[in-house]
Amino acid sequence: MATADRDQDLQLDPTPSGVVISLGGRRLNSRDAASSFLRRFPDPLPEQALVVVFSPLLGEGLPQLLERLPPTTVLLLVEFEQALFTLGKHRLSKFTHRGCLQFPRVSTPEEALREAQRLVEGRGLRRIVGVHATGGSRLHAGAYARLEEALREVVQRFWSNRGTQIRLGRRWVTNLLANACLDQTPLHDLTRSVPSSRAVLLGAGCDLENRLEVVRTLHDRGVPLVALDTALPALAEAGIEPALIVAMDGQLANALDLLPWRWNRVKLIADLTVHPAIPRRFPPAQRSFFASRFAEGSFFSSDSTSQVLEGIPLAHPRGSVAPAAMELLVRTLGVRTLLAVGIDFHYRLPRTHARLTAGDRLMRKNMTRLLRRDGNHEYVLRPRKEVLLRTGERIRGDAILADQALQMRHATAELQREVPGLAVLCLNDQGLDTGARLVSAREALEQLAPDRSRPAANQAVQNQPKRTLQPPERLDRALQIRRAALEELLLRLRRQEEHLDFLDSGLAFVLLDLPQWPLLTTRRDWAELHRGGILRSTRDYRRRLERILSAPSLRSPS
């Protein structure tokens, strides 16, 4: 006998072969629900996959599906229709089956993305398989399609980041250990450099040189300029001095962005993983550090090695310097109106960067008349994809920059949710959508007019006494804690090198660039297989840390 939910007009009609479900007079499954459910799944199911089951209704067929589910594959059950989601508590539901309880069941896109992120990172899943299990998926077909695309981006981003960890992890850790020995000014003390709630963030995009007059006008009006390190050569050529420089890249090549040197009065905000040559160029009173969480465990866990980051604020991993700089300006320095210039993530060949920046110099260096090369052959070979400009036009663009623009857009949306009234502006309509509002130069000048909103706070900041530099023998307590933590870390590396029959969980960074880390490190056979690699990595870090701690002087001249 059919039962009905009077509010949602949901009907369940039990039959000998299953339960027929209707909503609003629309039938959502067949009489043989279990067989119909199973036919929609690929056979065999792929390994290391996240199988997203859209609208499983009562879950009929799930127990049979679990019998052929590979051990490395996981199910994610998604139901956006609230009336159908409540079927999970029905007495005929199969979700209470012993094997089904281990798989998450969600009702919103946010929950689905959160669970997918956890599963992909914890199990190393490599692909998404979307299955529209019943007719109930037609009720929210568009939302399910968007979710599936977003889940594919989660997997792609995880493995892209994992590849970056393998390539750059050793460099990041080495730079972090070296910079942790340096004295610094706490990041929150830099509010004197940005006393206003308005600021201009400058990148190295082609549009920077087209907007230099606007930037100069704002600078003359007292609006603080914050430059990404890649934009410094163009600003030096134009004779514009920013208040702050933000650096994040760990390569030594980025130290060339400081040339020609025009930055004696400028302050530096650097990720702790930047090459030490960059922060050592600035005295302690003019440099501050932050740290991005580039891996789980070790320095970012509750282990004693986390004291290596004592006094260093943590920032969300953003993937590139522009969103990281925006987050620091908004959350730490209190900026509420931000104009982004030269941060467009798009170019039209032959120009790729502003004049005299590193990308522009590389292009000019590779130009060859005899070979008929314009110097951009590396950019021509980069992966391409369809991108959306700020004007709404769809064109083919650089896939790598498109991913960075997506990270910028996510960061902008997140900050605008957390900070009501936050305005992020841009001037170039030929850039990718980063969440910034497109305005004219005149409107930008009006929006960033002299700040009258908090004069008392500004005056209080300006009247604060200047910090006096401590002599080298009187290091602050945070620096002493960091150095003590590094010395303890050296002892643990020596013990690990002598005793490879166990793995020190606090030395996870040693395994960062080994295959399948951190997915299989709890398996003894994995540790035995990579015993030689673990020994070489431990010895390498031990030697590097010994050189860092034995350096005659770790402080820059004031």
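Structural data are supplied above this passage.
Described below are features of the structure shown in this document. A quick note: this is a predicted structure, and the numbers were derived from the prediction, not measured.

## Side note on the environment of Thr174
Right, so step 1: With respect to the helices, strands and loops of the structure, Thr174 is situated in helix H5 (residues 141–179).
Right, so step 2: Residue classification places Thr174 among the buried positions, given a relative accessible area of 18%.
Right, so step 3: When neighbours within four sequence positions are excluded, Thr174 is seen to be in contact with Tyr541, Arg544 and Ile548.

## Quick notes on the side chain of Arg198
Right, so step 1: Positionally, Arg198 belongs in strand S9 (residues 198–202).
Right, so step 2: Take Arg198: its relative accessible area is 19%, and that puts it in the buried class.

## A word on the environment of Trp526
Right, so step 1: Examined against the element boundaries, Trp526 turns out to sit in helix H15 (residues 524–529).
Right, so step 2: Assessed through its relative accessible area of 5%, Trp526 is described here as buried.

## Considering the packing of H5 against helix H11 (residues 399–418)
Right, so step 1: Contact geometry of H5 with H11 gives a least axis separation of 13 Å together with a crossing angle of 115°. With respect to H11, the axis of H5 lies roughly perpendicular. In the crossing of H5 with H11, the sense of the turn from one axis to the other is left-handed. From H5, Glu153, Gln156 and Arg157 reach across to H11, where they touch Asp403, Leu406, Gln407 and His410.

## Some points on the side chain of Asp398
Right, so step 1: Position of Asp398 among the secondary structure elements: in strand S17 (residues 394–398).
Right, so step 2: At a separation of 3.3 Å, a polar atom in the side chain of Asp398 contacts the main-chain amide nitrogen of Leu401.
Right, so step 3: Leave out the neighbours within four places in its chain, and Asp398 touches Tyr347, Arg382, Pro383 and Arg384.

## Description of a positive patch on the surface
Right, so step 1: Positive charge collects at one region of the surface, where Arg26, Arg39, Arg40 and Arg138 lie side by side.
Right, so step 2: The residue Arg26 is located in strand S4 (residues 26–27) in this model.
Right, so step 3: Looking at Arg26, the relative accessible area reads 36%, which means it is partly exposed.

## A word on the sheet that holds strand S12 (residues 267–271)
Right, so step 1: Strand order in this open sheet of nine strands is S14-S13-S12-S11-S10-S9-S15-S18-S19, and the pairing throughout is parallel. Edge positions in the sheet fall to strand S14 (314–315) and strand S19 (437–438), since each of these pairs with one other strand and no more.
Right, so step 2: Bridge count between strand S13 (residues 287–292) and S14: two bridges; the pairing is parallel. Counterpart to Ala291 in the pairing with S14 is Leu314.

Basis of the calculations
Residues numbered from 1 in each chain as written. Predicted model: local features only at pLDDT ≥ 70, side-chain atom pairs only at ≥ 80, totals over all residues. Heavy atoms only, no water. Helix = DSSP H or I, 4+ residues; strand = E, 2+ residues; numbered from the N terminus. Buried < 20%, exposed > 50% of the residue type's maximum accessible area, 1.4 Å probe, protein only. Contact = heavy atoms within 4.5 Å. Axes fitted to C-alpha atoms, helices over the stretch in contact; angles between N-to-C directions. Parallel < 35°, antiparallel > 145°, perpendicular 65-115°, else oblique. Left-handed = near helix turned anticlockwise from the far one by under 90°. Polar contact = N/O pair within 3.5 Å; in protein donor to acceptor, adjacent residues only side chain to side chain. Patch = residues over 30% accessible without salt bridge, like charges linked within 9 Å, V, L, I, M, F, W, Y side chains within 5 Å. Areas by Shrake-Rupley, 256 points an atom, 1.4 Å probe, with all protein chains shown as cover. Salt bridge = Lys/Arg side-chain N within 4 Å of Asp/Glu carboxyl O. Lys, Arg positive; Asp, Glu negative; His and termini not counted. Charge placed at Lys NZ, Arg CZ, Asp CG, Glu CD. Pairing = 2+ DSSP bridges.

Any functional reading would require information beyond the geometric quantities listed.
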